[in-house]
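A structural walkthrough
Residues per chain, in single letters:
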Amino acid sequence: MSETSIEGRVKKIIAEQFRVKPEALKPGMSFMKDLMAESIDTVELIAAIEDEFNIEIPDEDAEKNQTVGQAVDYVKKKVTETAK
Amino acid sequence: MRLCIFEDGKFSNLYPLTYTRPVFDLRCGRTRLFEKIVRSFPGVETVFFTRNHLQPIFGDRSKSATNDMDALRGDDVLFVNGRILAWRGELKPSRDEVAALKGEDIAYVNAKRETISKFMSGSMDELLGRLKAELSPLRADVELVEYPWDLVRNNPKAIVDDFESFSGRGVFPKMNSKVEIYGDAGRVHIAETAEIHPFVVLDAHAGPIIIDENVKILPFSRIEGPCSIGAGSMIVRGNIREEVTIGPVCRIGGEVESSIVHGYSNKYHTGFLGHAYVGEWVNIGALTTNSDLKNDYSNVEVYVNGNLFDTGDTKVGSFIGDHTKLGIGCLLNTGTIVGVGCNLLGGEVLPKYIPSFAWFTRGRISRGSGFRRTVEAERRVMSRRGVEMSPSYVQMLQFTYDMTKEERENLIKRSKGRAIPEA
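From a predicted model like this one, the values you see are computed outputs, not experimental measurements. (Residues numbered from 1 in each chain as written. Chains lettered and ligands numbered in written order. Predicted model: local features only at pLDDT ≥ 70, side-chain atom pairs only at ≥ 80, totals over all residues.)

**With respect to the overall build of chain B**
Keep this limit in mind: Counting from the N terminus, the helices are DSSP H or I runs at least four residues long and the strands are E runs at least two residues long. Here the globule rule reads 2.2 Å times residues to the power 0.38, and the radius of gyration is calculated from C-alpha atoms.
Across its full length, chain B carries eight helices and 34 strands. Radius of gyration (C-alpha) of chain B: 22 Å, near the 22 Å computed for a compact globule of 423 residues.

Quick look at the structure:
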């Protein structure tokens, strides 16, 4: 997967946050159960994605994204909406 | 005559403290630098000049003309460098038209109305440059603050100076019999509305103690002079050792030595703060401690404008910018700089330099929650003390965030490089 695709960029940020290889990330992976995310991770992750894509993620949206795949899909949708 | 207090180009030597305030708004002793200068010229109208992003905030607070060139017209003006330490009775400028220099820096310029009109155009820097070039030079025997540790080093002298400048000092509240003033009670000022609880020791043997209005000192605190505690502050079982200034509306406990807490900051709990300058709206968690002496007793080095600088001093602590939060158990190395709006978690010795609006968690620097969420959190922090974060204040923070972005991103990249194991 290209690092320049939205999915690649989101996975790169997640990988850096949790100190894993991007290719190890699977869509069904849970931030809490599989990546052992703490509240600090969530805050840092959201800020890093907001910065990377120049979007704003409301807290209530962030709470709905529990897996890697959900986060990728959310960012894709958000970026498309913002571009309109 | 008018008085013009200006900021010269050396403000960056005093980062992170001067990201969010003019140099002359820094505290040394009970008073800030500009207050000492103004005090030297009673009744004289004062005009201030600072960086543009600080003008709305400082202008509002000081209620004085700020960055207004027109305010300099129509009268003789004494231009005074805002970095001057104006000791009581010692700032006596020449009455002649002169440019008084300390090294290459302007200490002060005394200029007649006609001379100012002749050279007035462009910015304050340009005006001062022309006056420096045209007027007779004079070697000024004054002290200019060069680096943050100069404020800490001069703090004891400044507290004594402020105490001596105080008219109507004395111990005004009715004191509980279990409060001990150890030493000369004439070296202690306690404002009428201050509240000193039983089992408090005020030790004035080594220097004066100033306790301002509405200060509350809770039991089992020991305050050693020279010391100044600002209005509305609270000492919670504090071991406040010598040479400490605590500004207004602070909550201070644990051990503090030879330090300045600018104001509106908290260090409630056990933990050591020494030879440090802490900005506003800082919170220091329980057991957080800073080193102010290296194990080999060599000079402390501090990052100044991106370079490690030998302070020439063996006792130098930390310099912490406004709105920074230090969690429980943070360990700050000798001569550490922490920027504005940082969030640091403890558990290990922190890096010696943390850029503004960065987080340090689990061994690495990150962007943390970003600017918007940081401002939201700080708005809540300020409102708890009854202070509203104005739109111009947010703009000032945004300016600081933007100007520190490149440095922050570079250090985040370097930090990631260290923290992530090779694949």
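**Topic: the nonpolar core**
Convention followed: Nonpolar cores are built from buried Ala, Val, Leu, Ile, Met, Phe, Trp, Tyr and Cys residues. These are joined into a set through C-beta atoms within 7 Å. With C-beta atoms placed from the backbone, a residue counts as buried when 20 or more other C-beta atoms lie within 10 Å of its own, as exposed when 12 or fewer do, and as partly exposed for counts between those limits. Here the bounds of each domain stem from an automatic or database domain assignment. In this description, a residue-residue contact is defined by the distance between C-beta atoms placed from the backbone, which must lie within 7 Å.
Residues C4, I5, I37, F79, V80, Y108 and I354 of chain B are the most contacted members of the largest nonpolar core, which totals 112 residues. Ranked by residue count, the leading element in this core is helix α5 (residues 148–165) of chain B, at six residues. Two domains each provide a minimum of three residues to this core, namely domain 1 (2–146) and domain 2 (150–419) of chain B. In contact with Y108 of chain B, not counting residues within four places along its chain, are L78, F79, V80, N81, P93, A100 and A140 of chain B. In terms of nonpolar packing, the next biggest core, distinct from the first, is built from 14 residues, V10, I13, I14 and I46 of chain A among them.

**Overview of the domain arrangement of chain B**
Residues and elements named next belong to chain B. This is how it is decided: Residue classes follow a fixed rule: Ala, Val, Leu, Ile, Met, Phe, Trp, Tyr, Cys and Pro count as nonpolar, while Asp, Glu, Lys and Arg count as charged, and any other residue, Gly among them, counts as polar.
Here chain B is partitioned into domain 1 (2–146) and domain 2 (150–419). For domain 1 versus domain 2, the separation of C-alpha centres amounts to 27 Å. Across the boundary between the two partners, domain 1 contributes 22 residues, which contact 33 residues of domain 2. Here the residues of the side of domain 1 that touches domain 2 sort into 11 nonpolar, six polar and five charged.

**Quick word on the interface of chain A and chain B**
Across the contact, 10 residues belong to chain A and 12 residues belong to chain B. Here the element with the most residues in the side of chain A that touches chain B is helix α2 (residues 39–53) of chain A; it accounts for seven residues. Looking at the side of chain A that touches chain B residue by residue, the class counts come to four nonpolar, no polar and six charged.

**Looking at the packing of helix α1 (residues 6–18) of chain A against helix α4 (residues 68–83) of chain A**
Residue and element names in this part refer to chain A. The condition is simple: A fitted line through C-alpha atoms represents every axis, and for helices the fit uses only the stretch in contact; the resulting angles, taken between N-to-C directions, go from 0 to 180 degrees. Angles below 35 degrees are treated as roughly parallel, those above 145 as roughly antiparallel, those between 65 and 115 as roughly perpendicular, and all remaining angles as oblique. Should the near helix be turned anticlockwise from the far one by less than a right angle, the crossing is left-handed, and should it be turned clockwise, the crossing is right-handed.
Viewed as axis vectors pointing N to C, α1 and α4 meet at an angle of 130°, and their least axial separation amounts to 9 Å. The orientation of α1 with respect to α4, classified from their angle, is oblique. Classified by chirality, the crossing of α4 by α1 is right-handed. Contacts between α1 and α4 involve I6, E7, V10 and I14 from the former and V68, A71, V72, V75, K76 and V79 from the latter. Considering only residue class, the contact of α1 with α4 consists of eight nonpolar, no polar and two charged.

**Details of the environment of E180 of chain B**
Inspection of the secondary structure puts E180 of chain B in strand β8 (residues 180–182). When the C-alpha positions of E180 of chain B and G279 of chain B are compared, they lie 31 Å apart, and in sequence the two are 99 residues distant.

**Looking at the packing of α1 of chain A against α2 of chain A**
All names here are of chain A. Two numbers describe how α1 lies on α2: the axes approach to 10 Å, and their chain directions differ by 145°. Crossing of α1 against α2: the hand is right-handed. Here R9, V10, I13, I14, Q17 and F18 of α1 come into contact with α2, specifically with D41, E44, L45, A48, I49 and E52.

**A word on unusual backbone geometry**
Residue Y15 of chain B is joined to P16 of chain B through a cis peptide bond whose omega torsion reads 5°. On the secondary structure map, P16 of chain B appears in the loop between β1 (2–6) and α1 (33–40). That bond from G225 of chain B to P226 of chain B is cis: its omega, -5°, falls within 30 degrees of zero. Tracing the chain through its elements places P226 of chain B in the loop between β14 (222–224) and β15 (227–229). Located in the positive-phi region is M36 of chain A, a residue other than glycine, with phi close to 55°. If you trace the backbone, M36 of chain A turns up in the loop between α1 and α2.

**Considerations on the sheet that holds strand β5 (residues 98–102) of chain B**
Residues and elements named next belong to chain B. The criterion, for reference: In this analysis, strands are considered paired if DSSP registers two or more bridges between them.
Taken together, the seven strands give an open sheet; going across it, the order is β3-β2-β1-β4-β6-β5-β7, and neighbouring strands pair in mixed fashion. Looking at which strands have only one partner, the edges of the open sheet turn out to be β3 (65–66) and β7 (136–139). Sitting on the sheet, helix α4 (residues 124–134) is in contact with β1, β2 (46–49), β4 (77–81), β5 and β6 (105–111), with an inclination near 80° to β6.

**Details of the sheet that holds strand β27 (residues 319–320) of chain B**
Taken in spatial order, the nine strands make up an open sheet running β9-β12-β15-β17-β19-β22-β27-β30-β32 (chain B), and their pairing is parallel. Unpaired on one side and paired on the other, β9 (188–190) and β32 (353–354) of chain B mark the two borders of the sheet.

**Notes on the environment of G247 of chain B**
All names here are of chain B. Mapped onto the elements of the fold, G247 is located in the loop between β17 (244–246) and β18 (251–257). Residue classification places G247 among the buried positions, given that 24 C-beta atoms sit within 10 Å. Sequence separation of G247 and I229 is 18 residues, and the distance between their C-alpha atoms is 6.1 Å. Not counting the four nearest positions on each side in its chain, G247 is found in contact with R27, G230, V261, H262 and G263.

**Things to note about the pairing of strand β19 (residues 260–263) of chain B**
Residue and element names in this part refer to chain B. Inspection of the sheet shows β17 paired to β19 by two bridges, in the parallel sense. Paired with I246 across the bridge in β19 is V261. Examined bridge by bridge, β19 and strand β22 (residues 277–280) share three bridges and lie parallel to one another. Within β22, the position partnered with G263 by the bridge is E280.

**Some points on the environment of E242 of chain B**
Residues and elements named next belong to chain B. For E242, the location among the structural elements is in the loop between β16 (234–240) and β17. Assessed through the 19 C-beta atoms surrounding it within 10 Å, E242 is described here as partly exposed. With 18 residues separating them along the chain, E242 and E224 place their C-alpha atoms 5.1 Å apart. Those residues in contact with E242 that sit more than four places away from it in its chain are A206, G207, E224, G225, P226, E257 and S258.

**Comments concerning α1 of chain B**
Residue and element names in this part refer to chain B. Counting buried residues in α1 gives six out of eight residues, a clear majority hidden from the surface. Residues L33, F34, K36, I37, V38 and S40 constitute the buried set of α1. Buried-residue contacts for α1 involve β1, β2 and β4.

**Things to note about the confidence of the model for chain B**
As a reminder, the rule being used: Scored from 0 to 100, pLDDT reflects the predictor's confidence in each residue.
Averaged over all residues, the pLDDT of chain B equals 95, while 98% of them reach at least 70. Across the assembled chains, the prediction reports ipTM 0.73 with pTM 0.92.

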